[in-house]
Amino acid sequence: MIQLIQTYLPNVYKLGWSGQYGWGTAIYLTLYMTVISFIIGGFLGLVTGLLLVLTRPGGVIENRIVFQILDKITSLFRAIPFIILLAFINPLTYLLLKNTIGPTAALVPLSLAVFPFFARQVQVVLSELDGGVIEAAQASGATFWDIVGVYLREGLPDLIRVTTVTIISLIGETAMAGAVGAGGLGTLAINYGKNMFNNDVIFVATLLILILIVLVQFIGDFLSKKISHR
């Protein structure tokens, strides 16, 4: 097996598995950026999406001012292409981390890219829930947090689906962040593949990203179906 890799994928073999630019390190950094930025951006997106539904006209805690502010902020960040966002928030990244290069620095733009995308997905899912369930909860004297729990429980299967879509999109953005030195599979594909005309490195990096995406899709579909059939 190793001999085949040496013969047909020589540049892939030279990079090795460990070390600063090894394949194992690249996979770890891609997962690190994906998981941490989703935890941060996903939490912000979930809260924002919930508030957009709760404060909308006719919502449980209708508040036009809060709704309009959150709606405009979400739309603004959604409209900025990720590669431009990377450069645009460099001052904020430096202010927070005293650095603008590397996987940890990439967490700031990645989280800000996730938050509006996920917020809109959550808003759509929760807006399409049966209003009768919410009204029944209100009529029975449910508290604000009880109603939030009803929204989350009723929308859980679809929330898992949009989480899957968001993580898949985020994996692609981590690869894009590699163009500015964030590390991970994107950095290998660009710096050691494209820039050095090593097509085998580009091929393997792309293949590994596709495998990650397929795994996320499989897990997301499995969990969504399992919960839906309860």
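Going by an unreviewed UniProt entry, the protein chain carries the name ABC transmembrane type-1 domain-containing protein and comes from Streptococcus parasanguinis CC87K. You can read under Subcellular location (unreviewed entry) in the UniProt record for the protein chain the words "Cell membrane". In UniProt, the protein chain has this text filed under Sequence similarities (unreviewed entry): "Belongs to the binding-protein-dependent transport system permease family."

This brings us to the UniProt feature "transmembrane region" (unreviewed entry) in the protein chain. With numbering aligned to this structure, UniProt lists the feature "transmembrane region" (unreviewed entry) at residues 26-54, 75-95, 101-119, 162-190 and 202-223. Along residues 26-54 the backbone is 100% helical and 0% strand, and the end-to-end C-alpha distance reaches 41 Å. As annotated, residues 202-223 comprises 100% helix and 0% strand, and the C-alpha atoms at either end are separated by 32 Å.

This part takes up helix H10 (residues 185-194). Each turn of an α-helix holds 3.6 residues, which means side chains three or four residues apart point in the same direction. Of all ten residues that make up H10, seven are buried, and the element is covered over most of its length. Residues of H10 that are buried: Leu185, Gly186, Thr187, Leu188, Ala189, Tyr192 and Gly193. On its buried side, H10 packs onto helix H2 (10-15), helix H3 (23-54), helix H9 (144-177) and helix H11 (199-228).

At a minimum axis separation of 9 Å, helix H6 (residues 90-97) and helix H7 (residues 103-127) run at an interaxial angle of 130°. As far as their axial angle goes, H7 and H6 are oblique. Two packed elements cross with a definite hand, and for H6 against H7 that hand is right-handed. Facing Leu92, Thr93, Leu96 and Leu97 of H6, the residues of H7 in contact are Thr104, Ala105, Val108, Pro109 and Leu112. Of the residues belonging to the contact of H6 with H7, the class tally is seven nonpolar, two polar and no charged.

Evaluation of the coordinates by the stated rule reveals four aromatic pairs. Here the aromatic rings of Phe38 and Phe118 are separated by 5.6 Å at their centres, their planes lie at 70°, and the arrangement is edge-to-face. One end of the pair, Phe38, is in helix H3; the other, Phe118, is in helix H7, and 80 residues separate them in sequence. Grouping residues by exposure puts Phe38 and Phe118 together as buried. Between Phe144 and Trp145 the ring centres are 5.0 Å apart and the planes differ by 75°, which places this aromatic pair in the edge-to-face class. We classify Phe144 as partly exposed; its relative accessible area is 29%. The exposed category is assigned to Trp145, whose relative accessible area is 66%.

How each quantity is defined
Residues numbered from 1 in each chain as written. Predicted model: local features only at pLDDT ≥ 70, side-chain atom pairs only at ≥ 80, totals over all residues. Heavy atoms only, no water. UniProt positions renumbered as here; feature names shortened; annotations may be inferred. Helix = DSSP H or I, 4+ residues; strand = E, 2+ residues; numbered from the N terminus. Buried < 20%, exposed > 50% of the residue type's maximum accessible area, 1.4 Å probe, protein only. Contact = heavy atoms within 4.5 Å. Axes fitted to C-alpha atoms, helices over the stretch in contact; angles between N-to-C directions. Parallel < 35°, antiparallel > 145°, perpendicular 65-115°, else oblique. Left-handed = near helix turned anticlockwise from the far one by under 90°. Nonpolar A, V, L, I, M, F, W, Y, C, P; charged D, E, K, R; others polar. Phe/Tyr/Trp six-rings, centres within 6.5 Å; stacked < 30°, edge-to-face > 60°.

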